[in-house]
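# Report on the structure
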There are 2 protein chains.
Amino acid sequence: MGAGAATLQEGTVRIAIVGGGASGIGATGAAEQTNPDAEVVMFTAFEDVAYSPCGIPYVHGRDIDSFDDLFLQTKQFYLDRGITIHYETVVTSVDLNRQEVTTQKGQTHGYDRLVLCTGFDWVPPDVPGNHLDGLHYPKNIRKSMEFDKILDEAKTAVVIGATPLGTEMAGGLAKRGLQTHLIDPHSWILSAIADPDIVEMVEESLEELGVTLHPGTQLEAFLGDGSVTGVRTSEGEISADVVVVCDKRRPNTQLARDAGLAIGSTGGIVVDAHLRTSSPVVYAAGDIIEIPHELHNIPIQGLTGSHSYAEGKVAGTNAAGGDRRYQPVSVPWGLVAGKWSVGGAGFGENLADALGIPYVMGVGQGISRARYYPGFKPVKVKLLADPDTHALLGAQMVGGEGIKERADFLGMAIRKRITIEDLATMENVYAPPIGAVMEPIAICAQNLLADLGRRTAGS
Amino acid sequence: MGAGAATLQEGTVRIAIVGGGASGIGATGAAEQTNPDAEVVMFTAFEDVAYSPCGIPYVHGRDIDSFDDLFLQTKQFYLDRGITIHYETVVTSVDLNRQEVTTQKGQTHGYDRLVLCTGFDWVPPDVPGNHLDGLHYPKNIRKSMEFDKILDEAKTAVVIGATPLGTEMAGGLAKRGLQTHLIDPHSWILSAIADPDIVEMVEESLEELGVTLHPGTQLEAFLGDGSVTGVRTSEGEISADVVVVCDKRRPNTQLARDAGLAIGSTGGIVVDAHLRTSSPVVYAAGDIIEIPHELHNIPIQGLTGSHSYAEGKVAGTNAAGGDRRYQPVSVPWGLVAGKWSVGGAGFGENLADALGIPYVMGVGQGISRARYYPGFKPVKVKLLADPDTHALLGAQMVGGEGIKERADFLGMAIRKRITIEDLATMENVYAPPIGAVMEPIAICAQNLLADLGRRTAGS
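Residues numbered from 1 in each chain as written. Chains lettered and ligands numbered in written order. Predicted model: local features only at pLDDT ≥ 70, side-chain atom pairs only at ≥ 80, totals over all residues. Heavy atoms only, no water.

## Examining the overall build of chain A
Put simply, the rule reads: In DSSP terms, a helix is any run of H or I states spanning at least four residues, a strand is any run of E spanning at least two, and both are numbered starting from the N terminus. Classification of residues uses two cut-offs on accessible area relative to the type maximum, computed with a 1.4 Å probe and protein chains only: under 20% is buried, over 50% is exposed, and between them is partly exposed. Residue contacts follow a heavy-atom distance rule, with two residues in contact if any of their heavy atoms lie within 4.5 Å. Every accessible area reported is derived by Shrake-Rupley at a probe size of 1.4 Å, with residue values counting cover from the shown protein chains alone. His is not counted, nor are the chain ends; Lys and Arg add positive charge and Asp and Glu add negative charge. Note on charges: their place is set at NZ of Lys, CZ of Arg, CG of Asp or CD of Glu.
For chain A, the count of helices and strands is twelve helices and 26 strands. Principal-axis analysis of the C-alpha atoms places the extent of chain A at approximately 70 × 60 × 40 Å. Expressed as a percentage of the 459 residues in chain A, the buried residues total 58%. Long-range contacts, defined here as pairs at least 24 residues apart, represent 62% of the contacts in chain A between residues at least 6 apart. Carbon and sulfur atoms make up 48% of the accessible area of chain A, which totals about 17,800 Å². Charged side chains of chain A number 36 positive and 56 negative; the gap between the two group centres comes to 3 Å.

## Quick word on the relation of the copies chain B and chain A
The criterion, for reference: Alignment of the copies relies on least squares applied to C-alpha atoms, considering only residues that score at least 70 for pLDDT in both.
Overlay of chain B on chain A (RMSD 0.0 Å): rotation 180 degrees, translation along the axis 0.0 Å. What we have between these two chains is a two-fold relation. Both copies contact each other with a shared surface, as 100% of the interface residues of chain B are interface residues in chain A too.

## Remarks on the environment of B:Leu393
Residue and element names in this part refer to chain B. Its place among the elements puts Leu-393 in strand 26 (residues 392-399). In sequence terms Leu-393 and Leu-70 are 323 residues apart; their C-alpha atoms lie 35 Å from each other. Non-local contacts of Leu-393, meaning those with residues more than four positions away in its chain, are made with Leu-295, Gly-346, Phe-347, Ile-357, Pro-358, Tyr-359, Leu-384, Ala-385, Asp-386 and Ile-414.

## Some remarks on the pairing of strand 20 (residues 289-292) of chain A
Residues and elements named next belong to chain A. Quick note on the threshold: Strands are treated as partners if at least two bridges between them are detected by DSSP.
Taken together, the two bridges between strand 18 (residues 269-270) and strand 20 define a ladder with parallel strand orientation. The residue of strand 20 that forms the bridge with Val-270 is Glu-290. Pairing geometry for strand 20 and strand 21 (residues 299-301), over three bridges, is antiparallel. Residue Glu-290 lies in a different strand from strand 21, and its bridge partner there is Gln-301. Taking the residues between adjacent antiparallel strands as the criterion, strand 20 and strand 21 are bridged by six residues, where His-296 takes a positive phi near 70 degrees.

## Side note on helix 5 (residues 164-175) of chain A
Along an α-helix, residues three or four positions apart point the same way, because every turn accommodates 3.6 residues. Residues and elements named next belong to chain A. For the record, the criterion: The span expected for a helix works out to 1.5 Å for each residue beyond the first.
Taking 1.5 Å of rise per residue, twelve residues should cover 16 Å, and helix 5 covers 17 Å from first to last C-alpha, within 8% of that figure. Residues of helix 5 that are buried include every one of Leu-165, Gly-166, Thr-167, Glu-168, Met-169, Ala-170, Gly-171, Gly-172, Leu-173 and Ala-174, and no others. Just beyond helix 5, the residue with positive phi is Gly-177, at close to 105 degrees.

## Some details on the side chain of B:Ser279
The topology assignment puts B:Ser279 in the loop between strand 18 (269-270) and strand 19 (282-284). Residues in contact with B:Ser279, not counting those within four places in the same chain, are B:Leu96 and B:Leu261.

## Some details on the interface of chain B and chain A
What counts here: Each of two parts loses accessible area, computed with a 1.4 Å probe, when they are put together; buried area is these two losses added. Think of a salt bridge as a Lys or Arg side-chain nitrogen and an Asp or Glu carboxyl oxygen that are within 4 Å of each other. Lys, Arg, Asp and Glu make up the charged group, whereas Ala, Val, Leu, Ile, Met, Phe, Trp, Tyr, Cys and Pro make up the nonpolar group; the residues left over, Gly among them, are polar.
The partner chain A presents 62 residues to the 60 residues of chain B that form the contact. For the chain B and chain A pair, buried surface summed over both sides reaches about 5,200 Å², with 60% attributable to carbon and sulfur atoms. The interface formed by chain B and chain A includes eight salt bridges. Of the charged contacts, one joins A:Lys416 and B:Asp422 as a salt bridge, the two residues approaching to 3.0 Å between their closest N and O atoms. When contributions to the side of chain B that touches chain A are tallied by element, the ones reaching two or more residues are helix 8 (305-319), strand 22 (333-337), helix 10 (403-415) and helix 11 (420-424) of chain B. In the side of chain B that touches chain A, the residues fall into 31 nonpolar, 14 polar and 15 charged.

## So, the sheet that holds strand 6 (residues 108-110) of chain B
Neighbouring strands of a sheet are bound in pairs by backbone hydrogen bonds; such pairs are parallel or else antiparallel. Residues and elements named next belong to chain B. Quick note on the threshold: Simply put, an axis is a line fit to the C-alpha atoms, just over the touching stretch for a helix, and the angle between two N-to-C directions goes from 0 to 180 degrees.
Read from one edge to the other, the open sheet built from three strands follows the order 4-5-6, with strand pairing classed as antiparallel. Both edges of this open sheet fall to strand 4 (91-95) and strand 6, since each of them pairs with a single strand only. With strand direction ignored, the average angle separating the axes of adjacent strands in the sheet is 20 degrees. The pairing of strand 4 with strand 5 (residues 100-103) spans four bridges and is classified as antiparallel. Pairing of Ser-93 across the sheet is with Thr-102, part of strand 5.

## Things to note about the side chain of A:His214
Residues and elements named next belong to chain A. Among the secondary structure elements, His-214 is positioned in strand 12 (residues 211-214). According to the relative accessible area criterion, His-214 is buried, its value standing at 18%. Apart from residues lying up to four places away in sequence, His-214 is in contact with His-181, Leu-182, Ile-183, Asp-184 and Ile-238.

## A word on the pattern of salt bridges
Following the criterion strictly, the structure yields 48 salt bridges over all chains and no others. A salt bridge links A:Arg81 to A:Glu32, with the nearest nitrogen and oxygen atoms 3.1 Å apart. Of the two residues, A:Arg81 sits in the loop between helix 3 (75-80) and strand 3 (84-86) while A:Glu32 sits in helix 1 (residues 22-34), which places them 49 residues apart along the sequence. Take A:Arg81: its relative accessible area is 34%, and that puts it in the partly exposed class. Put simply, A:Lys404, A:Glu405, A:Asp408, B:Arg406 and B:Glu439 are held in one network by salt bridges that share partners.

## Observations regarding unusual backbone geometry
A positive phi angle, near 60 degrees, is found at A:Asn297, a position not held by glycine. Tracing the sequence through the fold places A:Asn297 in the loop between strand 20 and strand 21. The residue B:His296 is not glycine, and still its phi comes out positive at about 70 degrees. Within the element layout of this structure, B:His296 appears in the loop between strand 20 (289-292) and strand 21 (299-301).

## Focus: the packing of aromatic side chains
Residue and element names in this part refer to chain A. The condition that has to hold: Any pair of Phe, Tyr and Trp rings, taking the six-membered ring for Trp, is counted once the centres come within 6.5 Å. Such a pair is stacked with planes under 30 degrees apart, edge-to-face with planes over 60 apart, and tilted for the rest. For a lysine, the NZ atom is tested; for an arginine, the CZ atom; a charge sits over a ring if that atom is within 6 Å of the ring centre and within 35 degrees of the ring normal.
In the structure shown here, the tally under the stated rule is nine aromatic pairs over all chains. Each ring, one from Tyr-51 and one from Phe-71, has its centre 5.7 Å from the other, and the planes form 55 degrees; the classification is tilted. Pair noted here: Tyr-51 is in the loop between strand 2 (39-43) and helix 2 (56-60) and Phe-71 is in the loop between helix 2 and helix 3, with a separation of 20 residues, a long-range link. The buried category is assigned to Tyr-51, whose relative accessible area is 18%. Residue placement shows Lys-139 over the ring face of Phe-120; its charged tip is 5.0 Å from the ring centre.

## Describing the environment of B:Ser308
Relative to the elements of secondary structure, B:Ser308 occurs in helix 8. With 189 residues separating them along the chain, B:Ser308 and B:Gly119 place their C-alpha atoms 8.8 Å apart.

## Some words on the pairing of strand 25 (residues 378-385) of chain B
Of all the eight residues making up strand 25 of chain B, seven are buried; the element is thus mostly covered by neighbouring parts of the structure. Where strand 25 of chain B folds back on strand 26 of chain B, the antiparallel hairpin that results is connected by six residues, among which B:His390 adopts a positive phi of roughly 65 degrees.

## With respect to the sheet that holds strand 12 (residues 211-214) of chain B
All names here are of chain B. Within the open sheet, the five strands sit side by side as 9-16-10-11-12. Their pairing is parallel. For this open sheet the edge positions go to strand 9 (135-136) and strand 12, each flanked by a neighbour on one side alone. Pairing geometry for strand 9 and strand 16 (residues 242-245), over two bridges, is parallel. Across the sheet, Leu-135 pairs through a bridge with Val-243, a residue of strand 16. Set on the sheet, helix 4 (residues 141-153) makes contact with strand 9 and strand 16; between it and strand 16 the angle comes to about 145 degrees. Of the strands in this sheet, strand 10 (156-160), strand 11 (179-183), strand 12 and strand 16 are in contact with helix 5 (residues 164-175), which crosses strand 11 at around 165 degrees.

## Digging into the packing of helix 1 (residues 22-34) of chain B against helix 8 of chain B
Residues and elements named next belong to chain B. To be explicit about the condition: Throughout this description, any angle smaller than 35 degrees is read as roughly parallel, any larger than 145 degrees as roughly antiparallel, any in the 65 to 115 degree range as roughly perpendicular, and the remainder as oblique. Note on convention: the crossing is left-handed when the near helix lies turned anticlockwise from the far helix by less than a right angle, right-handed when the turn is clockwise.
Packing of helix 1 against helix 8 leaves a shortest axis separation of 6 Å and a crossing angle of 30 degrees. Considering their axes alone, helix 1 and helix 8 lie roughly parallel with respect to each other. With respect to the hand of their crossing, helix 1 and helix 8 are arranged in right-handed fashion. In this structure, helix 1 uses Ala-22, Ser-23, Ile-25, Gly-26, Ala-27, Ala-30, Ala-31 and Thr-34 to contact helix 8, whose residues at the interface are Gly-305, Ser-308, Tyr-309, Gly-312, Lys-313, Gly-316 and Thr-317.

## Looking at the environment of A:Thr89
Residues and elements named next belong to chain A. Inspection of the secondary structure puts Thr-89 in the loop between strand 3 and strand 4 (91-95). Overall, the relative accessible area of 7% leaves Thr-89 in the buried class. For the pair Thr-89 and Gly-334, spaced 245 residues apart in the sequence, the C-alpha separation amounts to 34 Å. Beyond its immediate sequence surroundings of up to four residues, Thr-89 is in contact with Phe-43, Thr-44, Ala-45, Thr-103 and Lys-105.

## A few points about the nonpolar core
To keep things clear, this is the line we draw: The criterion is simple. A nonpolar core is a set of buried Ala, Val, Leu, Ile, Met, Phe, Trp, Tyr and Cys residues joined through side-chain atoms within 4.5 Å.
Counting residues in hydrophobic clusters, the biggest one holds 85 residues, and the most contacted among them are A:Leu383, A:Leu410, A:Leu423, B:Leu383, B:Leu410 and B:Leu423. If you look at the next biggest cluster of nonpolar residues, it comprises 51 residues, including A:Val18, A:Ala27, A:Ala31 and A:Leu114.

## Re the confidence of the model for chain A
Residues and elements named next belong to chain A. Where we set the bar: The pLDDT value tells you how sure the predictor is about a given residue, anywhere from 0 up to 100.
Here chain A averages 94 in pLDDT, and 97% of its residues register 70 or above. Taken as a whole, residues 1-6 scores under 50 in pLDDT and shows 15 contacts with residues more than four places along the chain or in a different chain. Quick note on the complex model: pTM equals 0.95, ipTM equals 0.94.

Pasting the structure below:
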């Protein structure tokens, strides 16, 4: 049954959206587009909407000139489209029975359809000093603008958490010329999504850029008197002019919990394929929901900005009477760190081991252009597949150009149960400036099959 | 039944390979790897093997420093691996009954397995003057080296045929500083593989680079007295210091025809999925064979260098007792022309119309990086799908980075009958330096579905 099957009341449909991040913006635009006659109202706790927080590390690193570049639309743009945005307006409660939200200022606003897009919160590390002034949690653009001014005077930085954002931040700060330390309790960076053999090149490149990596290092305290001046770790103290925390996040589900919406095992809001919550007129999207993984159907939580935006569009479309489904995810991911791109989709070796998922695995290395064309780069590929069906379970890649597009491809390959045999026989473009005679994905898949053949022959 | 099921004779297996291009090299390497004890002998009419002709336009254009860079391996490399190569040795006949080949010098050589990799020949345009000295047909590397020296003195060039190679050559010669004319009877460049709306940007860019395009122009004669000094066309005469012909090719199947091997409707050698010809111990690969298209199973002929190499590997593996199949093709393709990449897979609008294949179609435009990240480029996508199932029939793209990888992806999507709905809901990497929040392929697929929805609603 489509979302559109739910009967809307007579008269102008009132659609309320709480949250102005990627999912809120996606929902607002899609709702307005699906039903231009609807009354679309957004509430955001912040001064701005429609900017790209993902660009922040690159402004710090001076790859992007200005924070102004990160704004997608002006406030006037939404006014012109008849969308009302209440800025700096915190929604404090949702009444599911009365179908209304209440703001911190005590105002109530009725809705026919509600879309919750309240995003994530950083979890302060549970160590002494975690409320010192100056600790920077990258999220809000205005705070990042202030932080960027501080960077002009700073010489040393500590980044807590070799997460994707932490890794991008460390790279950006080092590019900016700061002596930068990246602290993480795991033995390698990006450990939640990538395997050590894949990030090895990235670690080397970050170090060349001026990032001092501190793997296997526990944060024990933030140091300082009033303002943070450094950290104490299991491996010693590091003083720093700035300390950035990019470690744990949690979905900001307070409103949803208080309202009584169903919360899942991950802590995210439970939604159906139409991104409808346990209340039939309430949708949710972005970092507050959990979504089934394409493989094994396990709910997962806290995906990427493109997921948030796409979920917002699905929720907004459905809230406005449309009918779109959101697919289970295989989560293609990617980032640039140092001089390399790194990315993948589905399960890595480390994660598959942790979950007890059986797999066969292969690695292969190719190049991004013809070997005789200037500027070619290595592309290392690692593929995991089901031992019986050989359907792709996961992929990780590091190296030169095309990592993003390959990750997208392999994300779809996981969804469609494409096999290693398929990938070993894939056709590929050979054009000297943009592609080599052999595609690295195919090389890896062929290696995996050859290895399986040897194992079979030897058994 | 696998190729390996054919019984090989006692003793050392003799594998003969005729032709030293991409398919011959692929076959030779794979045969040696599959059966290191085999006696592998290659015959080539030329002075060299193991170089990449695809790089030639880029040496002329000075993107690649030297022809030396195009050589993949030294002659010693093959000697060291125990592979005998007879250079400058034309094979003049194959005796299928006696299982032997005869060379121009009258020597015979027996084989247990034969792989024919004799490639393509240029077809001289059927106009007066087509045997004038100096007409250059790019293929052999030594002739290209000589031609490159002539370019040092040349100021004007005419390229006949806006084929992929002709387009690359025209771009390379213009980059080299020559006033370059590209002559083609069709209304747009790359007409055999791409639609006019896709190549429009490419045409503009070639003109900016200094290529004068002559679409809709018939070649009427090569002009000159002894040596070529220009061309006469339906639109007038053009004098030129050099004239390059990149128009029609034909498979070089003379040996195969004379031997009595089955030839298909395209003029290519008929092979099965193991690339075996109508003779059970003779394989063929590369530009001389025909291969079924993934869609509709129509045999097609004259694919790309990566197809030739991959086919060679399959044929060589099977000739040496292995068992590999070559899949039907959807032919991902791509090239760089001017400042853009252009590529695709499967059927374009023009080709689908010509073949009478029904389709629905959509176009969309996205960008290659975040819109706020320096250097982002447009990526225009056009998708064709089956009107009933919405399975992808073809894709064409033009613009920035990632065209090659997207073409590879969409080639596989055609093979796996992936639908427009799948592509509209694909996940994608969003990372500012390498990918935008919305993937251009998904934008195009969403546009197509929206358009279908409107058509359905209006019907």
